[in-house]
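# Commentary on secondary and tertiary structure
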Amino acid sequence: MQQLLLGDEAIAQGAIDAGISGVYAYPGTPSTEIMEFVQKSPEAEKEGIHCKWSTNEKTALEAALGMSYAGKRSIVCMKHVGLNVAADPFMNAAVTGINGGLIVISADDPSMHSSQNEQDSRFFGKFALLPILEPSSQQEAYDMVHYGLDYSEKYKVPVLMRITTRLAHSRTGIQRKALRKQNDLKLPGDLKQFILLPANARVKYKNLLSIFPKFESDALQSGFNALIPGSDHSLGIIATGLAYNYVTENKAIVGKFPILKITQYPFSKELIDKITSICKTIIIFEEGYPFVEEQMKGLVNHDFVIKGRLTGDVPRDGELTPSIVAKSLSLNIPAITPVPDVVVNRPPALCKGCSHIDTYNALIEALKPYGQGHVFSDIGCYTLGALPPYNAINSCVDMGASVTMAKGAADAGLSPSIAVIGDSTFTHSGMTGLLDAVLENSPVTIIISDNETTGMTGGQPSSATGKLEKICLGLGVAPEHLKVIIPLKKNHEENVRIMTEEINHKGVSVIISQRECIQTAARRNRSK
């Protein structure tokens, strides 16, 4: 059976067909569609696959580890910066090992289309001493889910799958496999396996070190890594993951130069010897950081010439394209039609009628006596408040950092100190920062811009909906300094008054600015 699927959807369908019992995730472009596909899948519903959004990536991975403990297969999906949030259970799960198969899927975003950085998740896999899969196509992504879950159960370790934006969001036909029966419930053979007390952890870590060479030898033999022969040995090409597609799209290369395709890690010197034994000059194409290039420096002698991102032969930042590959190899590049002057650049903007607009307009007026530089913001649609005409915020670092940065700035003496955070981001990682502020009664004002959804990634459910007031009171916010406002033009003067009062309060105050996302509301009304 063949289906036309996005890369994300191919992974999701592969997981369903490979017998998973659960998928755990927090929305994050470019990984979001994996969970959404499972949620909409009649097959997943029929098989009873758990597919609810988690509060953040850390809780998602820990829940998946719990499912693995019970012997069932699962996948965890996040974007690359989400792996930072999940780093604690990720690193430790490598030591505990698994029971039921477990794949952690991290979707990297070269060129930062919708991210704060373009970090490369392969380094996390190397750091944790875990096997890494990096598909070069949607079909390979589908196949690797099956392989990865089998591999996970063979060696009793999690497997990291690293994809990038273009693979996640491009579409092709996928040849499916037969549906595999889900695992039976089965506890670990050693009920102390997941107890990382030092005496047990030392034993488990030695075991991980002992099986690591098997990961290298398997990567050599699995078939995912392959040497494609070429007639001209003056140059050898190493291409990893999706970069292999960019290389082979340049038809003049295929068959001319030897190409070593790497899509399974860790790679060994034996794998590299396949190409360095015939080519003395190597150029490396890889999406993200110079992961292979850096390791190559220690695997070959000084007689070899190694080119890539570190040498400037391939751009150091940004995503690859077939044209960049061609330019790096001094091939003729087809002329690109310039964009006509009549086409005007359209920077992102808040939707017309967005509740964040009225929230910012009230905040801007309330802060007029103090000037600019007092507002710490967070990750969400409301980050667009940094752009004209608002120019209303002064930071966007990571999920939850608005609250803690506002507290730190207040500790330094900045007054007033304001945080703007969304409802989903608040429950993701803002609550602990608010607790810190409450414990010290810091002079900060936290504005939770509550649009009752996870808006930036397409309107997924927010864990905060209907709970924000109780959460804030439970964390210790004084009831008299917990205010709820409705961000509408007709309420502007009242909202400015409330913000002014709370900004002047010399302690913790929280303002919940509450109105449904205009896009979510429109979709809800259309579905009636």
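Up top is the structure these notes are about.
The structure reproduced in this document is the subject of the present report. (Residues numbered from 1 in each chain as written. Predicted model: local features only at pLDDT ≥ 70, side-chain atom pairs only at ≥ 80, totals over all residues. Heavy atoms only, no water.)

## So, the sheet that holds strand β8 (residues 226–228)
- The five strands are arranged β8-β10-β9-β12-β13 in an open sheet whose pairing can be described as mixed. This sheet does not close on itself; its edge strands, each paired only once, are β8 and β13 (305–307). Neighbour-to-neighbour, the strand axes of the sheet open up by a mean angle of 20°, direction not taken into account.
- Each of β8, β9 (236–240), β10 (259–262) and β12 (281–285) is contacted by helix α12 (residues 269–276), which is oriented at about 155° to β10, the strand it contacts most. (Pairing = 2+ DSSP bridges. Helix = DSSP H or I, 4+ residues; strand = E, 2+ residues; numbered from the N terminus. Axes fitted to C-alpha atoms, helices over the stretch in contact; angles between N-to-C directions. Contact = heavy atoms within 4.5 Å.)

## A word on helix α8 (residues 138–155)
- Over its 18 residues, α8 runs 25 Å from end to end, which matches the ideal 26 Å to within 8%, given 1.5 Å per residue.
- The sharpest bend along α8 reaches about 25° and sits at M144.
- Of all 18 residues that make up α8, 13 are buried, and the element is covered over most of its length.
- In the segment just after α8, K156 is the residue with positive phi, at about 60°. (Expected span 1.5 Å × (residues − 1). Bend = angle between axes of the 7 residues up to and from the residue. Buried < 20%, exposed > 50% of the residue type's maximum accessible area, 1.4 Å probe, protein only.)

## Here we look at the side chain of Q182
- Note that Q182 resides in the loop between β7 (171–175) and α10 (198–221).
- In terms of polar contacts, Q182 uses its side chain to reach the side chain of S21, at 2.6 Å.
- For Q182, the side chain forms a polar contact with the main-chain oxygen of E47, separated by 2.9 Å.
- If sequence neighbours within four positions are ignored, Q182 has contacts with G19, I20, S21, E47 and I49. (Polar contact = N/O pair within 3.5 Å; in protein donor to acceptor, adjacent residues only side chain to side chain.)

## Focus on the nonpolar core
- In terms of nonpolar packing, the biggest core is built from 100 residues, with I75, F90, I105, I237, I238, F285 and M296 touching the most fellow members.
- Broken down by element, the residue count for this core peaks at seven residues, all from α8.
- Excluding residues that lie within four positions of it along the chain, I75 makes contacts with A15, I20, G22, V23, Y24, I34, I103 and I105.
- Listed in part, the 46 residues of the second largest apolar core include I421, F426, I446 and V496. (Core = buried A, V, L, I, M, F, W, Y, C linked by side-chain atoms within 4.5 Å.)

## Some details on the packing of aromatic side chains
- In this structure the tally under the stated criterion is 13 aromatic pairs.
- Ring geometry for Y151 versus F215: centroids 6.1 Å apart, planes at 50°, classification tilted. Taken together, the positions of Y151 in helix α8 and F215 in helix α10 put the pair 64 residues apart, joining distant regions of the chain.
- On the basis of relative accessible area, Y151 is assigned to the buried category, the value being 6%. (Phe/Tyr/Trp six-rings, centres within 6.5 Å; stacked < 30°, edge-to-face > 60°.)

## A closer look at the packing of helix α6 (residues 87–96) against α10
- Following both chains from N to C, one finds α6 and α10 inclined at 85°, their axes separated by 7 Å at the closest point. Here α6 lies roughly perpendicular to α10, going by the angle between them. Residues A94, V95 and T96 of α6 touch α10, and the partners they reach there are A201, K204, Y205 and L208. (Parallel < 35°, antiparallel > 145°, perpendicular 65-115°, else oblique.)

## Brief notes about the environment of I333
- Tracing the backbone shows I333 in the loop between α14 (322–328) and α15 (355–366).
- C-alpha of I333 to C-alpha of N250: the two residues are 83 residues apart in sequence and 9.6 Å apart in space.
- Excluding anything up to four places from it in sequence, I333 contacts S323, A326 and K327.

## Some remarks on the packing of α8 against α10
- Following both chains from N to C, one finds α8 and α10 inclined at 150°, their axes separated by 12 Å at the closest point. Judged by the inter-axis angle, α8 sits roughly antiparallel to α10. Crossing handedness for the pair α8 and α10: right-handed. Where α8 approaches α10, its residues Y151, K154 and Y155 are matched on the opposing element by I211, K214, F215 and D218.
- Class assignment for the residues of the contact of α8 with α10 results in four nonpolar, no polar and three charged. (Left-handed = near helix turned anticlockwise from the far one by under 90°. Nonpolar A, V, L, I, M, F, W, Y, C, P; charged D, E, K, R; others polar.)

## With respect to the sheet that holds strand β11 (residues 264–265)
- The strand order β2-β3-β4-β6-β5-β11 describes an open sheet built from six strands, whose pairing is mixed. Of all the strands in the sheet, just β2 (20–25) and β11 have a single pairing partner and so form its edges.
- Here strand β5 (residues 132–133) pairs with β11 via two bridges, running antiparallel. When the bridges of β11 are listed, I132 appears paired with Y265.

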